[in-house]
Amino acid sequence: MLAHWARGSAARSPAHGHTRATKRAPPPPAGFNLAATRRSRSLWRPPSKRLRLTENGHPCVLPHCPILLNAHPHSSRRARYERGETKHADPRFAAATVPPDNRPIVVSGPSGVGKGTLYNLLFQRHPETFTLSVSHTTRSPRDGEQDGVHYHFVPMDHFEDLIGRDGFVEHAKFGGNRYGTSKMTIEEQTKKGKVVLLDIEMEGVKQIKQSDFPARYVFISPPSFETLESRLRGRGTEKEESIQKRLAQAKNELEYSKTPGVHDLIIVNDDLEKAYKEFEDFVYKPLDA
């Protein structure tokens, strides 16, 4: 019946161009805003014509606009995610879920084992929860590196001053340059509600284990030493001498990982999704488990 009130009381004949009388609809009920109804009908547009502009000035069409998708309640992709039908959480819809145990997580393992791939998946699927600790170094920035993003680049005297003030949870020297993980950097991220991940070499793990720094420890292991060697050679980015050094270091790290009580979890990375699930389950493990 509301349609009768929204329409006029006369209709125009397309054949003769004159107005013919029609039966007048009954008056609308008290409080019914006829003008607002007509205005809303005239402003309505089907989804294909609801244009918006992105920040670059390009038209953005609902409900498929990637920018407005997060706000569109009828997006099929969003609906599937909310019903739990998608395989993984879409980062645009994932809420910040802090693990029950929010201590920093120390991730270690041989070069080429896939540490970065695993924790980057964690960052993608929980973008508001985790962050990677940015180390300090005395070396000069390489092309494309930014201070505070890839490293905190500091002079040697500043680095040594931090050592003297017990400002690092671990530090080491490689190739004439110093590298270290700052306690203050971790504390700042923790205050922001972030869970900090540290990608640390074996010597750094040993230093942290000898301190009172609260952390959880995960070691990523290859399926076999031969598989690790194949991965390193498959990169095609290093000379034979460098590969041999990495393999020698890998043997030491794998041997150290067998020390009882050093790591809370050892993950064999032979299947990425399986390894990731094991990693994520550990990160979100209840405190009483």
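Please refer to the structure placed before this passage.
Everything numeric here is computed off the predicted structure, so don't read it as measured data. For every chain, the first residue of the written sequence is number 1, and numbering continues from 1 along that sequence. A pLDDT threshold of at least 70 governs which residues receive local features in this predicted model, and a stricter bar of 80 or more applies before side-chain atom pairs are shown or counted, although totals over entire chains, interfaces and linings include all residues. Where side-chain values are given, they derive from all heavy atoms of the structure, hydrogens and water being excluded.

### Quick word on the sheet that holds strand β5 (residues 105–108)
An order of β6-β11-β5-β12-β13 is seen for the 5 strands of this open sheet, with the pairing classed as parallel. Edge positions in the open sheet fall to β6 (130–132) and β13 (265–268), since each of these has one partner strand only. Strand after strand, the sheet turns through a mean of 25° between neighbouring axes, direction not considered. Two strands are said to pair when DSSP picks up at least two bridges between them. Put simply, DSSP H or I for four residues or longer makes a helix, DSSP E for two residues or longer makes a strand, and each gets a number counted from the N terminus. Sheet analysis places β5 next to strand β12 (residues 216–221), joined by 4 bridges and oriented parallel. Working convention: axes come from line fits to C-alpha atoms, limited for helices to the stretch in contact. Angles between N-to-C directions cover 0 to 180 degrees.

### A closer look at the packing of helix α8 (residues 225–235) against helix α9 (residues 240–257)
Two elements in contact, α8 and α9, have axes whose closest approach is 11 Å; the angle formed by their N-to-C orientations is 150°. The orientation of α8 relative to α9 falls into the category roughly antiparallel. Here the hand of the crossing between α8 and α9 comes out right-handed. Packed against α8, whose contacting residues are Phe225, Leu228, Glu229, Leu232 and Arg233, the element α9 presents Glu240, Ile243, Gln244, Arg246, Leu247, Ala250, Lys251 and Leu254 at the interface. Every angle not falling under 35 degrees, over 145, or within 65 to 115 is termed oblique; those three ranges are roughly parallel, roughly antiparallel and roughly perpendicular. Note on convention: near helix rotated counterclockwise from far helix by under a right angle means a left-handed crossing. Clockwise means right-handed. Two residues form a contact once any of their heavy atoms are found within 4.5 Å.

### Observations concerning the side chain of arginine 139
Among the structural elements, arginine 139 can be located in the loop between β7 (136–137) and β8 (152–153). To sort residues, take the accessible area from a 1.4 Å probe on protein chains only and compare it with the maximum for the residue type: under 20% means buried, over 50% means exposed, and anything in between is partly exposed. Under the relative-accessibility criterion, arginine 139 is labelled buried at 8%. For the purposes of these results, a polar contact is taken to be a pair of N or O atoms within 3.5 Å, where, inside protein, one atom must be able to donate a hydrogen and its partner to accept one; residues adjacent in sequence count only when each atom of the pair is a side-chain atom. Within the structure, the side chain of arginine 139 is placed 2.9 Å from the side chain of glutamate 145, a separation counted as a polar contact. Those residues within four positions of arginine 139 in sequence are excluded, and the remaining contacts are Glu145, Tyr151, Phe153, Asn177 and Tyr179.

### Here's the deal with unusual backbone geometry
Excluding glycine, a negative phi dihedral is what most residues carry, and trans is how most peptide bonds are arranged. Positive phi values are uncommon outside glycine, yet aspartate 166 reaches one of about 55°. Relative to the helices and strands, aspartate 166 resides in the loop between α5 (156–164) and β9 (168–174).

### A word on the packing of helix α4 (residues 115–125) against helix α10 (residues 272–283)
Interaxial distance between α4 and α10 falls to 10 Å at its minimum, and their mutual angle equals 65°. In terms of crossing hand, the pair formed by α4 and α10 is right-handed. Residues Thr117, Leu118, Tyr119, Leu121, Leu122 and Arg125 of α4 touch α10, and the partners they reach there are Leu272, Glu273, Ala275, Tyr276, Phe279, Glu280 and Val283. Gly is put with the polar residues, along with every residue not named as nonpolar or charged; the nonpolar set is Ala, Val, Leu, Ile, Met, Phe, Trp, Tyr, Cys and Pro, and the charged set is Asp, Glu, Lys and Arg. Across the contact of α4 with α10, the residue classes tally to 9 nonpolar, 1 polar and 3 charged.

### Side note on the pattern of salt bridges
Between Lys or Arg on one side and Asp or Glu on the other, a salt bridge is scored when a side-chain nitrogen of the former is within 4 Å of a carboxyl oxygen of the latter. All chains considered together, the criterion is met by 14 salt bridges. Taken together, the shared-partner salt bridges connect Asp101, Arg103 and Arg216 into one network.

### Focus on the layout of surface pockets
Considered as a void within the structure, the largest pocket measures approximately 1,100 Å³ in volume. In this analysis the probe radius is 1.4 Å and the grid spacing 1 Å, with only protein atoms considered; a cavity is a set of points the probe fits into but cannot get out of, a pocket is an open set with protein on both sides within 12 Å along at least five of seven lines, and lining residues have an atom within 4 Å of a point. Ser135, Tyr151, Tyr179, Asp199 and Glu201 are, among the 34 residues lining the largest pocket, the residues nearest its centre. Of all the secondary structure elements, the ones that give two or more residues to the lining of the largest pocket are α4, β9, β10 (177–182), β11 (195–199), α7 (202–209) and α9. For the lining of the largest pocket, the class distribution of residues is 12 nonpolar, 12 polar and 10 charged. Grid points are joined across faces, edges and corners, and a volume is the space filled by probe spheres set on the points.

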